[in-house]
Amino acid sequence: MLCFHVCAGEIFELKAELNSDKKEKKKEAVKKVIASMTVGKDVSALFPDVVNCMQTDNLELKKLVYLYLMNYAKSQPDMAIMAVNTFVKDCEDPNPLIRALAVRTMGCIRVDKITEYLCEPLRKCLKDEDPYVRKTAAVCVAKLHDINAQLVEDQGFLDTLKDLISDSNPMVVANAVAALSEIAESHPNSNLLDLNPQSINKLLTALNECTEWGQIFILDCLANYAPRDDRESQSICERVTPRLSHANSAVVLSAVKVLMKFMEMLPKDLDYYGTLLKKLAPPLVTLLSAEPELQYVALRNINLIVQKRPEILKHEMKVFFVKYNDPIYVKLEKLDIMIRLASQANIAQVLAELKEYATEVDVDFVRKAVRAIGRCAIKVEQSAERCVSTLLDLIQTKVNYVVQEAIVVIKDIFRKYPNKYESVIATLCENLDSLDEPEARAAMIWIVGEYAERIDNADELLESFLEGFHDESTQVQLQLLTAIVKLFLKKPTETQELVQQVLSLATQDSDNPDLRDRGYIYWRLLSTDPVAAKEVVLAEKPLISEETDLIEPTLLEELICHIGTLASVYHKPPSAFVEGSRGVMHKRLPARTGSGESTESPDVGTIAGGSGTETAPSIIPSQGDLLGDLLNLDLAPPTTTGPPPPTSGMQMGGMDLLGGGLDSLVGSPMPPRHLGGDIGGSAAMGAGFGAVPAVMPASLNAPMGGGLGDLFDLGGGVGMPLGAYIPPKTVWLPAMKAKGLEISGTFARRAGVIQMELTLTNKAMSVMTDFAIQFNRNSFGLAPAGPLQVLSPLSPNQTIEVSLPLSTVGPVMKMEPLNNLQVAVKNNIDVFYFSCQYPISMLFVEDGKMERQVFLATWKDIPNENESQFQIKDCHLNSDAASNKLQASNIFTIAKRTVEGQDMLYMSIKLSNGIWVLAELRVQTGNPNYTVRKERIRIT
């Protein structure tokens, strides 16, 4: 801020007026001071004189003085202490407006020295009889927490805030929720908003009587709640639905966010589900009648909603037709949504619109419209012929940029529908001379090379491009090289000279390493094995996908949870653009609910070895189970390992692997449930078992897709001296996909450290050096703990073994499947990408043996929803041998009992992210089939 110094004479005059006995003169002087302050003049010298004016009954004068105080308190902390007594006095003023004004100003004075003096006035205001004072005090707690969090916690203000959620006044409730949400955002580990059905009911009651911003605070809070079942979800949806008709668009979007989230838990065959879909469409359509800026925000949110649930707006296509006076950013967004909603039912309408748009004057819009026609052809197969016909009509217009865009999209149509629309090639070739954009030229060259056998003068066409080879962009050069090689393989006798010319240009006259490498590969292929060259270059290509620009499902779920915020406009998670700790907590949509199964808990007497009656468990079969595979392995006896490494509490970031991922590891998915609380009195364990608790999000119902039984498919491993189980090596990156570099590998756990065991083989003709490795974000934060140590160059036909230590403190992102790891390996030739799957047993840590009494208390407290059962077949081991083998992979036996000839082993496993798994293994003498019952616990 610019500061202008006030002259001494003016200061003197103002000082005299501020100390005047006349109230009106004093008020006018304060107004002059505030006016000077507002335009950037430095009037801090008048601080004591202005503060003296606080002692007044005039509300207007008091507001002005408080405004001055907020502005200069930070630069004059010693002088600001003078105002403390007045604050205390004003907080007990008979006028509630003055009490509220005092507490509001207290929250805005960010001076550590005086905050402790303000605690008592704030406490009184939080329990004030007037709701206006209470709601103002609630916001003040959040501001004070930002200055001194420890002071707020010590003074018990957070508990008072929680009590205000039950306040009789809806505005007090809304402000309490807003304050707690603000504090919770800056402290994602805290469980401040411990929502339950009773508190949710109070919030829903207050929702009807709040101001619009109060409603937004409450709706955002509701979106973080995890309903117990579909019945509760439906009840909340029914009470939130009326907010869809609110005049404020922010309220509407917040309501849509809540409904989109809770719809995940409603069965699709439910009548109410269909009703809710119909109710969501009108408010979204209404948002598009606002001014352009609001329309754009609404469209960005609708884009997300349509990707998740296109059925909501499938009958509203006309709403997204472009108007002549729409700004370009609105037009482009509408166009995108039109493509997402395109279907066989409305494709005729859409194509007619798009053809009209292709004749507009705005070049960017026209280009996108032409591309949209191509996307329609790829998405709706029945419309492909009509789309191609439309594109040919547009090519006949001879408008340069229209023709070029049309050729680019026709190339994609050829990729989607091979050997179907090749009759249009002649028309495309007529426009060859008008192409001047690299992408269009590359597309045309690809078409000529791909269908060279059907084009009589293909060699002449490609030779015309070759004349200015060095002036072309890299994209065109690469495509031209490939096209001529294709032509040679199809017509070898006629084009031998042409292929030699292009290979010479690519390898000898070019400085581009990509072009040179591709040229050498083709040259060697053609000179050594033309048959192999034909198989490689003319191999059948995979069809391109329908939607190439869809948001990745995990990110889409997170963005749906942020509807109505900046994240939904940027289409990026908050962690991508919010600095610091705020806003980095990942959110997920809840999983659909199902019915839990009854569990059985061991009691103290029977764990010690007593007898009891058992009910036969219902078996949930699981293909390739972890315990079964480990038992069947031929493992060496375990030996003592080093001390377990410390586990990091931040490994899991904000991701919920328990609520929807680890269930699937041991059988069919179990219904999610909100877990929280301390040992003994709740459904989950506290963090009392040695490891720092993993950070978990407020939304605990993260769906993890599909069967994850393959995580436990550990069969075929080998025994190691330290007793650690290691699966056999498999080829992760074939040589033909990595320019001659073949990578095989496996994972091992040695002395508490996860190792990635790699075998690198050079099957190329050149030496490979400068190796490096990098992992993408993954479910358990696996990352290289050091560089890839390839100490000497890798010569042709040489193989080396490399061991890469891994840590579990890398960035976290849910993968599908959960144990998927995406890897990039770089050398002097190129960067290569592959994915592999690590066995989940690599994440079992050495301090996973739970104390017996803690195990017992925990087993009893775990809810039914957290249980899964399955059977291990054909395992010929007794219970002791099974226990010893499992301990080698950090699966520890806590207790054993025998019931009617059946040994029951109670076991504990701890993952590197702090999640515990408790298991009961039943072994019947003479029966090769074991029964396993598993419970899983989140450390919150």
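What counts, and at which threshold
Residues numbered from 1 in each chain as written. Predicted model: local features only at pLDDT ≥ 70, side-chain atom pairs only at ≥ 80, totals over all residues. Heavy atoms only, no water. UniProt positions renumbered as here; feature names shortened; annotations may be inferred. Pairing = 2+ DSSP bridges. Helix = DSSP H or I, 4+ residues; strand = E, 2+ residues; numbered from the N terminus. Axes fitted to C-alpha atoms, helices over the stretch in contact; angles between N-to-C directions. Buried < 20%, exposed > 50% of the residue type's maximum accessible area, 1.4 Å probe, protein only. Arc of directions from axis to C-beta. Contact = heavy atoms within 4.5 Å. Polar contact = N/O pair within 3.5 Å; in protein donor to acceptor, adjacent residues only side chain to side chain. Salt bridge = Lys/Arg side-chain N within 4 Å of Asp/Glu carboxyl O. Core = buried A, V, L, I, M, F, W, Y, C linked by side-chain atoms within 4.5 Å.

Taking an unreviewed UniProt entry as the reference, the protein is identified by name as AP complex subunit beta belonging to Esox lucius. The Subcellular location (unreviewed entry) field of the UniProt record for the protein holds the comment "Endomembrane system". According to UniProt, the comment filed for the protein under the heading Sequence similarities (unreviewed entry) is "Belongs to the adaptor complexes large subunit family."

Enquirer: For the sheet that holds strand E5 (residues 753-762), give the residues involved together with the corresponding values.
Expert: On the basis of which strands lie adjacent, the open sheet formed by five strands has the order E3-E4-E5-E8-E7 and antiparallel pairing. The outermost strands of the open sheet, each flanked by one partner alone, are strand E3 (730-733) and strand E7 (783-784). As paired strands, strand E4 (residues 741-750) and E5 are joined by ten bridges and run antiparallel to one another. Bridged to glycine 745 within E5 is leucine 758.

Enquirer: Describe the sheet that holds strand E6 (residues 772-775), listing the residues and the values that go with them.
Expert: The three strands are arranged E6-E9-E10 in an open sheet whose pairing can be described as antiparallel. Taken across any chain shown, the strands that pair with only one partner, and hence form the sheet edges, are E6 and strand E10 (831-837). Each adjacent strand pair in this sheet contributes to an overall mean axis angle of 25°, direction not counted. With four bridges connecting them, E6 and strand E9 (residues 820-826) associate as antiparallel partners. From the neighbouring strand, isoleucine 773 faces E9, where its bridge partner is valine 825.

Enquirer: Quick rundown of helix H16 (residues 230-240)? Include the residues and the values.
Expert: Those residues of H16 that sit buried are Glu232, Ser233, Ile236, Cys237 and Val240. In a view along the axis of H16, the buried residues occupy a sector of 135°, so they form one face of it. Summarising the contacts, the buried residues of H16 are in contact with helix H14 (197-207), helix H15 (212-222), helix H17 (249-263) and helix H18 (271-287). You can read the cap of H16 off the contacts: a side-chain oxygen lies 3.2 Å from the backbone nitrogen of arginine 231, and it is on aspartate 229.

Enquirer: Give a description of H15 that names residues and reports values.
Expert: Among the residues making up H15, those that are buried are Gly214, Gln215, Ile216, Ile218, Leu219, Cys221 and Leu222. In this fold, the buried residues of H15 make contact with helix H13 (170-186), H14, H16 and H17.

Enquirer: Which residues make up the pairing of strand E14 (residues 916-924), and what values do they have?
Expert: Each regular strand carries side chains that alternate between the two faces of the sheet. Among the nine residues that make up E14, eight are buried, leaving the element largely enclosed by the rest of the structure. Examined bridge by bridge, strand E13 (residues 902-910) and E14 share nine bridges and lie antiparallel to one another. By the bridge assignment for E14, glutamine 902 is matched with glutamine 924. Connecting E13 to the next strand, E14, in antiparallel fashion are five residues, including glycine 914 with a positive phi near 90°.

Enquirer: I'd like a rundown of the pattern of salt bridges, residues and numbers included.
Expert: Inspection of every chain in the model, using the stated rule, returns 32 salt bridges. For arginine 922, the salt bridge identified is with glutamate 920, shortest N-O distance 2.7 Å. With a relative accessible area of 5%, arginine 922 lands in the buried category. Residue glutamate 920 is classed as buried on the basis of its relative accessible area, which comes to 0%. Bridged by salt links that share partners, the residues Arg367, Arg371, Glu405, Glu437 and Glu439 form one connected network.

Enquirer: Describe the nonpolar core, listing the residues and the values that go with them.
Expert: Judged by nonpolar contacts, the single largest core of 209 residues is most densely connected at Tyr68, Leu122, Leu203, Leu354 and Phe414. If sequence neighbours within four positions are ignored, phenylalanine 414 has contacts with Tyr421, Glu422, Val424, Ile425, Leu428, Trp446, Ile447 and Tyr451. Counting residues in each nonpolar core, the second largest holds 53 residues, with Val825, Tyr838, Ala882 and Leu921 among its members.

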